[in-house]
Amino acid sequence: MTQQSNSHHQHWGSKFGFILAAVGSAVGLGNIWKFPYITGENGGGAFVLIYLLFIILIGLPVMIGEFVIGRSTGRSVCGAFKHLEPKKPVWHGLGYLALITGFCIISFYSVVSGWVIGYIFEALRFSFSSFDSPETAQNHFGNLISNPYWTITLHGLFMTLTAFIVVRGIKDGIEYWCKILLPILGVILLILMTWGLTMPNAHEGLIYLFRPNFSELTFSSVLVALGQAFFTLSIGMGVMITYGSYLKKDINIVSTSLYIVLFDTLVALWAGIAIFCPIFSLGMNPAGGPGLIFHVLPIVFQQLPGGYVFGILFFILLGIAALSSAISILEVPVSFLIEEKKMSRHKATWLVALVAFWVGIPCALSFGLMSKVKWFFGRNFFDFLDYISSNIFLTLGALGTAVFIAFVWKLKPAFEELAKGGGKVKKLFALWGFLLSWVCPIAIGAILIAKLMEF
Ligand code: PHE
C-alpha cells in the first residue's frame, strides 16, 4: 500500500487484511458479552428491533463517513478534523472527545477482558465441572470478580498484552491472527447456537429475542440501543477514522462497510441465540447484568458433549476478539500522541496503557471493595464509565461527525472521496448523504435532548 504523508501509521497488507482488522475491531465483547446482557435488561425483542434499525439507518452511514474522513486526510482523529477545517477550532473538539471516550472505554473493556482471561484458566482447571446449578456458577463468578487480586492482575495482564501488540504494529500480529482466529470463533459460536437451539424450551429464548413487545420498551432503552449500535460498530470515537487513514484509494468504502456491519450484526445475533436459548431452557434470569455470559455458558459447556474443550476454546477466542478490539481503541490516543506530540510509538503506547490501567482500577474494584460506592448517579464506577462513554460520548461523537461531514466539510468532497473506490452509484451516494445529513442528526439529536430533559 502507498505510504501516506504521515508515515507513522501502520499500513494494511491487503484489502482483506483491512476488512479483517476492522471486523476485528467491531466484533468483540460488545457482541458477545454486552449485546446479550443489555438485551436481557431492556426487555428483549423490541430492543433488538430498534438496535437493528439504528445499525442500518445510523450506524452504517456514520461508519462510511468515518472511513471517508480518515482516508481523505490520512491522519489520526485530531489531525483529521484540524486538517479538514483548520479555521473552526470548535470542530477540533470532536477529536479530543474521541480521545476521552477511548480512555473511558478501554478502562472497563480491559477489566471485562481480564475476566475472560481468568475464565480461560477456570476452563483449563475444569472448574466448570463443579457447577451443578446456575446458582453455583453465579456464586463462583461473584466470588472471583469481588477478589481485587484476581481482577486487577488480569486487567493488568490484558492491558500489557494489548500494549505489546500496539507497540509491535498491527499488520503482522493482529491482521495475521485475525485471519485465522475470527473464522474459528464464528464456527464455535455457530456450534453453541445450534446446541442452544436443541435444548428443551429453546423457542422461548427465540421468542424473547425476536418477538417485539413494545410495552416493555422504555425511553432509556432507546438511548441504550443507539449507544450499543455505535459501541458494537466501533464508531463515534475515531477508530474507523484512524483505520480509514491506512486505506488505499481504490477500495470501495460503501461495500466494505456493508460487509463489516453485516458480519458484526450476525455475530451479535448468533451470540444472542446461543445465550438466550439456554437461559430459558434452564429457567435462569435473562436480566443477569454484566455477569450473564459467565453464569450461563459454563453450564452449557457442562452439558455439551466435549464441553470443556469448547469452554476452553470459546474463552480463548473471546479473549482474542476482545484483544483485536482493544488494540483499535488504544491505537486512537497512541496515533494522536505520535502525530501531534511527536512521541515515539513505544513511549506513546506504554504511556496510554499505564494511564488506562490506573483508570481501570476503580472499574476492577467496582464489584468488590468499591461495590458500595455509588456516587455516580446511583451507579458503581464501572457502570458509570460504561454508561457515559457508550451512551453519551459515542452518541455525541457520531452526531458531531455526521453534522461535520454534511454541513461543515460539505458532501461534495465526501462524494468525491467515495467515488475513488469505484462503485460510482450516484443514487447510493445520495441516499448516504440524505441519511447522514438528516436522519442521523435528527434522530440522534432528538434522543439525546429527550434524555437530557429526563434529568
Ligand atoms: N466494537 C467493540 C466491541 O464490540 C468495542 C469498541 C468500541 C471498539 C469502540 C472500538 C471502539 O467489542
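Here the structure is a predicted model, which means the values were calculated and not measured.

Draft legend 1. Layout of the site of the ligand. The immediate surroundings of the ligand are formed by 15 residues, with A26, G30, Y109, F231 and S234 found nearest. Here F231 contributes a backbone N or O atom positioned 2.8 Å from a nitrogen atom of the ligand. Coverage of the ligand by the protein chains reaches 100% of its 330 Å² of free accessible surface. Counting atoms within 2 Å of the grid points, the majority share of the ligand lands in the largest cavity. For the shell around the ligand, the elements supplying multiple residues, two or more each, are α1 (15–26), α2 (29–41), α10 (219–233) and α14 (307–340).

Draft legend 2. Local environment of the packing of helix α4 (residues 77–84) against α14. α14 packs onto α4 with a crossing angle of 60 degrees between their chain directions and a minimal axis gap of 7 Å. Classified by the interaxial angle, the pair formed by α4 and α14 is oblique. Between α4 and α14, the contacting residues are V77, C78, G79 and K82 on the first element and V332, F336, E339 and E340 on the second. In terms of residue class, the contact of α4 with α14 is made up of four nonpolar, one polar and three charged.

Draft legend 3. The arrangement of α4 in detail. Judged by how many residues are buried, α4 sits mostly within the fold: six of eight residues are covered. Those residues of α4 that sit buried are V77, C78, G79, A80, F81 and L84. Against the buried residues of α4 lie α3 (45–73), α5 (93–124), α11 (239–244), α14 and α16 (381–419).

Draft legend 4. Seen up close, the packing of aromatic side chains. Here the structure, examined in full by the defined rule, presents 31 aromatic pairs. Ring geometry for F108 against F231: centres 6.3 Å apart, planes inclined by 20 degrees, an arrangement best described as stacked. You can see F108 sitting in helix α5 and its partner F231 sitting in helix α10, a full 123 residues away along the chain. Accessibility assignment for this pair places F108 and F231 in one class, buried. Ring geometry for Y119 against F294: centres 5.1 Å apart, planes inclined by 70 degrees, an arrangement best described as edge-to-face.

Draft legend 5. Spatial organisation of the packing of α10 against α16. Axis separation between α10 and α16 bottoms out at 8 Å; the angle between their running directions is 75 degrees. Comparing the axis directions of α10 and α16 gives the class roughly perpendicular. Here L223, V224, L226, G227, F230 and F231 of α10 lie close against α16, whose contacting residues are Y387, S390, N391, I392, L394, T395 and A398. Classifying every residue of the contact of α10 with α16 by side-chain character gives nine nonpolar, four polar and no charged.

Criteria and thresholds
Residues numbered from 1 in each chain as written. Predicted model: local features only at pLDDT ≥ 70, side-chain atom pairs only at ≥ 80, totals over all residues. Heavy atoms only, no water. Near = heavy atom within 4 Å. Polar contact = N/O pair within 3.5 Å; in protein donor to acceptor, adjacent residues only side chain to side chain. Areas by Shrake-Rupley, 256 points an atom, 1.4 Å probe, with all protein chains shown as cover. 1 Å grid on protein atoms, 1.4 Å probe; cavity = no way out; pocket = protein on both sides within 12 Å on 5 of 7 lines; lining within 4 Å. Sits in = over half its atoms within 2 Å of the grid points. Helix = DSSP H or I, 4+ residues; strand = E, 2+ residues; numbered from the N terminus. Axes fitted to C-alpha atoms, helices over the stretch in contact; angles between N-to-C directions. Parallel < 35°, antiparallel > 145°, perpendicular 65-115°, else oblique. Contact = heavy atoms within 4.5 Å. Nonpolar A, V, L, I, M, F, W, Y, C, P; charged D, E, K, R; others polar. Buried < 20%, exposed > 50% of the residue type's maximum accessible area, 1.4 Å probe, protein only. Phe/Tyr/Trp six-rings, centres within 6.5 Å; stacked < 30°, edge-to-face > 60°.

As far as function goes, none of this settles anything; it's purely spatial.
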